[in-house]
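Listed below are the residues making up each chain.
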Amino acid sequence: VFDARSSKFYVNVRAPAGVIALAALDLATVGWFPLEAVGPHGLALDTERDELLVACDDASLRWVDPHSRHELHGVSLAGEPDVVLVDARRASAYVCVGDPATLHVVDLDARLAREAITTGAGAKTAALDAERGRLYVFLPAAGQAWVCGL
């Protein structure tokens, strides 16, 4: 994930579990954020709240402060997540879990999962069009995409 304001890339590292910060200019390591969770996977930057969201293989979503490098909060998910998407306009994040086929809707202000929606087998990839208020969840078993109005 690239943060244009700080000119840094943030990248998940599976083992040891954490997020590394790299300077955009020369890719030098400028920060390391250890996580208590197992297997950081999905990663997103919430530019409104200036926080990183990390979806982890231990069925959790973690909030990390990129300045203090501390883990702030975590919530449980239905299973191992793949992608996390941030919709700053709606103060929401969307986390896809392939098994069980679930889309978690997360309230970014309250830092809680407010809804879990059943999707379809293997639905762990999604795309967000925040401007039009649409979320596309890809359903590989059905060869379709589920379109959700936000």
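Residues numbered from 1 in each chain as written. Predicted model: local features only at pLDDT ≥ 70, side-chain atom pairs only at ≥ 80, totals over all residues. Heavy atoms only, no water.

*Asks:* Describe in detail the nonpolar core, supporting the description with residues and values.
*Replies:* Counting 14 residues, the largest nonpolar core has Leu-53, Leu-61, Trp-63, Val-84 and Val-95 as its most contacted members. Among the elements that make up this core, the one with the highest residue count is strand β10 (residues 92-97) (3 residues). (Core = buried A, V, L, I, M, F, W, Y, C linked by side-chain atoms within 4.5 Å. Buried < 20%, exposed > 50% of the residue type's maximum accessible area, 1.4 Å probe, protein only. Helix = DSSP H or I, 4+ residues; strand = E, 2+ residues; numbered from the N terminus.)

*Asks:* Can you explain the sheet that holds β10? Please cite residues and give values.
*Replies:* Hydrogen bonds between backbone groups are what pair the strands of a sheet, and the pairing can be parallel or antiparallel. Overall, antiparallel pairing links the 4 strands, which are arranged β9-β10-β11-β12 in an open sheet. Two strands lie at the open edges of the sheet, namely β9 (81-87) and β12 (112-118), each paired on one side alone. Taking each pair of neighbouring strands and ignoring which way they run, the sheet shows an average axis angle of 20 degrees. Sheet analysis places strand β11 (residues 102-107) next to β12, joined by 6 bridges and oriented antiparallel. Counted as the bridge partner of Asp-107 is Leu-112 from β12. (Pairing = 2+ DSSP bridges. Axes fitted to C-alpha atoms, helices over the stretch in contact; angles between N-to-C directions.)

*Asks:* I'd love a proper account of the side chain of Asn-12, names of residues and values included.
*Replies:* Structurally, the position occupied by Asn-12 is in strand β2 (residues 8-13). Of note is the side chain of Asn-12, whose polar atom sits 2.7 Å from the backbone oxygen of His-41. Those residues in contact with Asn-12 that lie beyond four places of it in its chain are Gly-18, Val-19, Pro-40, His-41, Gly-42, Leu-43 and Val-54. (Polar contact = N/O pair within 3.5 Å; in protein donor to acceptor, adjacent residues only side chain to side chain. Contact = heavy atoms within 4.5 Å.)

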